[in-house]
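Structure assessment
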There are 2 protein chains.
Amino acid sequence: MPAPQNLNIVPFVSVENMMDLVLSIGVETFLLELCTYVEEDFARWESFDKTPRVASHSHDGVIELMPTSDGNLYGFKYVNGHPKNTKSGRQTVTAFGMLAEVESGYPVLLTEMTILTALRTAATSAVAAKHLASKGARTMAIIGNGAQSEFQAFAFKALLGVDHLRLYDIDPTATERCRKNLEAFGFKIDTCRSAENAMEGVQIVTTATADKQCATILTDNMVGPGIHINAVGGDCPGKTEVHRDILLRSEIFVEYPPQTRIEGEIQQLPAEHPVRELWKVITGVDAGRVAETQITLFDSVGFATEDFSALRYVRDKLSASSSFQNLDLLADPDEPRDLFGMLIRHQARMAAAPI
Amino acid sequence: MPAPQNLNIVPFVSVENMMDLVLSIGVETFLLELCTYVEEDFARWESFDKTPRVASHSHDGVIELMPTSDGNLYGFKYVNGHPKNTKSGRQTVTAFGMLAEVESGYPVLLTEMTILTALRTAATSAVAAKHLASKGARTMAIIGNGAQSEFQAFAFKALLGVDHLRLYDIDPTATERCRKNLEAFGFKIDTCRSAENAMEGVQIVTTATADKQCATILTDNMVGPGIHINAVGGDCPGKTEVHRDILLRSEIFVEYPPQTRIEGEIQQLPAEHPVRELWKVITGVDAGRVAETQITLFDSVGFATEDFSALRYVRDKLSASSSFQNLDLLADPDEPRDLFGMLIRHQARMAAAPI
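For the structure given in this document, a descriptive report is provided here. (Residues numbered from 1 in each chain as written. Chains lettered and ligands numbered in written order. Predicted model: local features only at pLDDT ≥ 70, side-chain atom pairs only at ≥ 80, totals over all residues. Heavy atoms only, no water.)

1. What to know about the overall build of chain A
Secondary structure summary: chain A contains 11 helices and 18 strands in total. For chain A, whose C-alpha radius of gyration is 22 Å, the value lies close to the compact-globule estimate of 20 Å for 355 residues. Projected onto the principal axes, the alpha-carbon positions of chain A cover approximately 75 × 40 × 40 Å. Within chain A, contacts between residues separated by at least 24 positions form 71% of all contacts whose residues are at least 6 apart in sequence. As displayed, chain A has an accessible area near 13,000 Å², and 51% of this comes from carbon and sulfur atoms. Looking at chain A, you have 32 positive and 46 negative side-chain charges, and the mean spots of the two groups are 3 Å apart. (Helix = DSSP H or I, 4+ residues; strand = E, 2+ residues; numbered from the N terminus. Rg over C-alpha atoms; globule rule 2.2 N^0.38 Å. Contact = heavy atoms within 4.5 Å. Areas by Shrake-Rupley, 256 points an atom, 1.4 Å probe, with all protein chains shown as cover. Lys, Arg positive; Asp, Glu negative; His and termini not counted. Charge placed at Lys NZ, Arg CZ, Asp CG, Glu CD.)

2. Section: the environment of M350 of chain B
Residue placement: M350 of chain B occurs in helix α11 (residues 339–352). In the structure, M350 of chain B is positioned 283 residues away from P67 of chain B in sequence and 39 Å away in space, judged by C-alpha atoms. If sequence neighbours within four positions are ignored, M350 of chain B has contacts with D20 and L23 of chain A.

3. Here we look at the relation of the copies chain A and chain B
Mapping chain A onto chain B is achieved by rotating through 180° and translating by 0.0 Å along the same axis, at an RMSD of 0.0 Å. In the structure described here, the two chain copies are related by an operation that fits a two-fold rotation axis. A shared binding surface is used by both copies, with 100% of the interface residues of chain A retained as interface residues in chain B. (Least-squares fit on C-alpha atoms with pLDDT ≥ 70 in both.)

4. Section: the interface of chain A and chain B
Each side of the interface is counted separately: chain A has 81 residues, and chain B has 81 residues. Each partner contributes to the roughly 7,500 Å² buried at the junction of chain A and chain B, and carbon and sulfur atoms together form 67% of this total. Taken as a group, R337, F340 and L343 of chain A account for 11% of the area that chain A buries against chain B, more than any other trio of residues on that side. The tally of links from chain A across to chain B stands at 24 residue pairs in polar contact (both at pLDDT 80 or more). Taken together, the residues of the side of chain A that touches chain B sort by class into 43 nonpolar, 21 polar and 17 charged. (Buried area = accessible area lost by both parts, 1.4 Å probe. Polar contact = N/O pair within 3.5 Å; in protein donor to acceptor, adjacent residues only side chain to side chain. Nonpolar A, V, L, I, M, F, W, Y, C, P; charged D, E, K, R; others polar.)

5. Focus: the sheet that holds strand β9 (residues 164–168) of chain A
Residue and element names in this part refer to chain A. Read across the sheet, eight strands follow the order β10-β9-β8-β11-β13-β17-β15-β16 without closing on themselves; strand pairing throughout is parallel. A single partner strand is all that each edge strand has here, and the edge strands are β10 (188–191) and β16 (276–277). Sheet analysis places strand β15 (residues 250–254) next to strand β17 (residues 295–299), joined by four bridges and oriented parallel. Paired with F253 across the bridge in β17 is F298. Packing of helix α5 (residues 172–182) onto the sheet brings it into contact with β9 and β10, and relative to β9 it is tilted by some 155°. (Pairing = 2+ DSSP bridges. Axes fitted to C-alpha atoms, helices over the stretch in contact; angles between N-to-C directions.)

6. Quick notes on the sheet that holds strand β9 (residues 164–168) of chain B
Consider a sheet: its strands pair through backbone hydrogen bonds, and that pairing is either parallel or antiparallel. All names here are of chain B. Taken in spatial order, the eight strands make up an open sheet running β10-β9-β8-β11-β13-β17-β15-β16, and their pairing is parallel. Of all the strands in the sheet, just β10 (188–191) and β16 (276–277) have a single pairing partner and so form its edges. With four bridges connecting them, β9 and β10 associate as parallel partners. Paired with L165 across the bridge in β10 is I189. Sitting on the sheet, helix α4 (residues 149–160) touches β8 (139–143), β9, β11 (204–207) and β13 (228–231), and the angle it makes with β8 is about 165°.

7. Description of the packing of aromatic side chains
What the rule picks out here adds up to 35 aromatic pairs over all chains. Taken together, a centroid distance of 5.2 Å and an interplanar angle of 25° make the contact between Y78 of chain A and F96 of chain A stacked. Pair noted here: Y78 of chain A is in strand β5 (residues 73–81) and F96 of chain A is in strand β6 (residues 95–101), with a separation of 18 residues, a long-range link. For F96 of chain A, a relative accessible area of 0% puts it in the buried group. Ring centres 5.5 Å apart and planes at 45° place the aromatic pair W45 of chain B and F303 of chain B in the tilted group. Separated by 258 residues along the polypeptide, W45 of chain B in the loop between α2 (27–43) and β2 (49–50) and F303 of chain B in the loop between β17 (295–299) and α10 (304–318) bring together distant segments of the chain. Given the relative accessible area of 3%, W45 of chain B is considered buried. (Phe/Tyr/Trp six-rings, centres within 6.5 Å; stacked < 30°, edge-to-face > 60°. Buried < 20%, exposed > 50% of the residue type's maximum accessible area, 1.4 Å probe, protein only.)

8. Let's talk about the pattern of salt bridges
Residue and element names in this part refer to chain A. Under the definition given, this model contains 42 salt bridges over all chains. Close ionic contact of R249 with D220 constitutes a salt bridge, the shortest N to O distance being 2.4 Å. Taken together, the residues span a long stretch of sequence, with R249 in helix α7 (residues 244–249) and D220 in the loop between β12 (214–218) and β13 (228–231) at a distance of 29 residues. By relative accessible area, which is 37% here, R249 ends up partly exposed. (Salt bridge = Lys/Arg side-chain N within 4 Å of Asp/Glu carboxyl O.)

9. Description of helix α3 (residues 114–132) of chain B
Along its 19 residues, α3 of chain B runs 27 Å from first to last C-alpha, staying within 8% of the 27 Å computed at 1.5 Å per residue. With 17 of 19 residues buried, α3 of chain B lies mostly within the body of the structure. (Expected span 1.5 Å × (residues − 1).)

10. Re helix α10 (residues 304–318) of chain A
Residues and elements named next belong to chain A. Its 15 residues place the ends of α10 21 Å apart at the C-alpha level, agreeing with the 21 Å of an ideal helix rising 1.5 Å per residue. Counted residue by residue, α10 has 12 buried out of 15 residues, so it is predominantly covered. Taken as a whole, α10 has its buried residues at A304, T305, E306, D307, F308, S309, A310, L311, R312, Y313, V314 and L318.

11. Some words on the side chain of H346 of chain B
Structurally, H346 of chain B is set in helix α11. Overall, the relative accessible area of 3% leaves H346 of chain B in the buried class. Setting aside residues no more than four positions away along its own chain, H346 of chain B makes contact with E16, M19, D20 and L23 of chain A.

Don't take any of this as a statement about function, it's just geometry.
Written as structure tokens, this is what we have:
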């Protein structure tokens, strides 16, 4: 059997390619389809090789590798978290990732994941809310109007029909920017003067603030019966957003308990506090929302399988897209064992090239 | 302070770029300089954040992530090992890696590492032999004449002046290819009919066979006093090359004991068998070779700090080279918190572009 051609090439999706891909598919369609992939992978949770992320902490932030595999494909994401980066004009979080065939170990996709992570986080929140929020919920508060806020809004609109937003941020310019970014897309948008004010009349609240500290964005009096809390911003040790008393009144749902106990809102609770796993709700093993008056809380920290779903989705989309470059990433000598010979022959070709 | 320009760009060294870089520097100079970086990093061993590699095993092979950091820079390598790959015209091992600033988490280099790993493995072997082989050793047997063999030969020539090689492989075509690849570079080369034959008159033996099994390439009678054994091929569980009796007669040197106990030749020995760490020899804490009649054995399995040294070296070389491409890897919105706005403005630019 002849060897496949171009074994050295790995498709690479740059930031510009990713924007082209998202816009050509359409943000809402992209999120809807991504929700399907995320939900599919949660539904086959037990087939994944799950390990906690591999973190390297420093004074200024954290660098993490998040690998997982379903036995056919292997994916990992490189992601950093550096709150002070904004001072030098950099992003707090940047990411890239890779998907490979388990059978050969050969990469099949390399891609930017800063934008893709924002999309997969929003898609995961929407999938969780589909199972946990009150039926017919159409009004959502978004507290924290930074980089994640618009993606959350679009995912909830695409999957659940949420079209009324109540925005609040301690920085009014962030709220204004979020409003302007969303105004052309069919939302009714209220900008609110306080978090309390933002909570009036909503069925869902998304908290997505950025400060790395135990802030209390939501206090107990602000959360009435029937609310679904989509807690996105509490995602590392020492960073939480929801008052402990609310946690005690809520049914709490998580992605991967060993990771959420360390990074999520539930780091405020004893290790034995009961939580439910999202994959069990999706597969029907556990109940989601059981009463209209119940408070549900999705304690989202982000897990490797969600990145895997996103990588898998992008790879599938590339077959009908030109939004990628071919990267000469893998050595492919004419004779597999002759790596050094490839080098020598390259030199001969260079010497023979016309000057 | 204005933000630095082009925050989205990460330099990428493709396979072709790497070949250009190595050839423009010269293979021997590249290896000599790389040896300096490898030795420097072993000398500051205690400043590294060391974790065992993160491995994902499957029926056909293994995929690994190898991260490490010195507090200023963070590096990791993706590497696979799939013995059956050669049947489909693929490499058994391919790799790529990345270097990032710890302070910001921003990547500063993405590079192919299939060729670079071969070079760093050879450089590490030469550095170890500098401290462990008999002074004035100029003759080396190479048993296993596959992809790693020529790199080993060049590194030992560059650093130690080894210029007489005795080659043996169970596959004579591999030996012939190795001989042809090396013949123009000033070596005296003997092709040998057996491993025993290859060992005649040598001061150093490099074992670098590829089969994933407990093979015994070197048996006890083949190793006389004063030999330095550079055991490169025993590098994963179930794969060894050197007979246990030789290990018992040798002073054994390793990179990182927790990893070598699992992957190296010493997986054949009890966990408490004494070994010496290379970094302690390099820093003078422990002795290297203490007698001309001693048998020394470097049980090389490859460690993340060596990849880090190689990444650091390549990055330093790029400042005076054009052997790289600029990769649009990181989202860099005009306003750090406005990731979604970047997407919207990209659409506006696309719409405004002339058709």
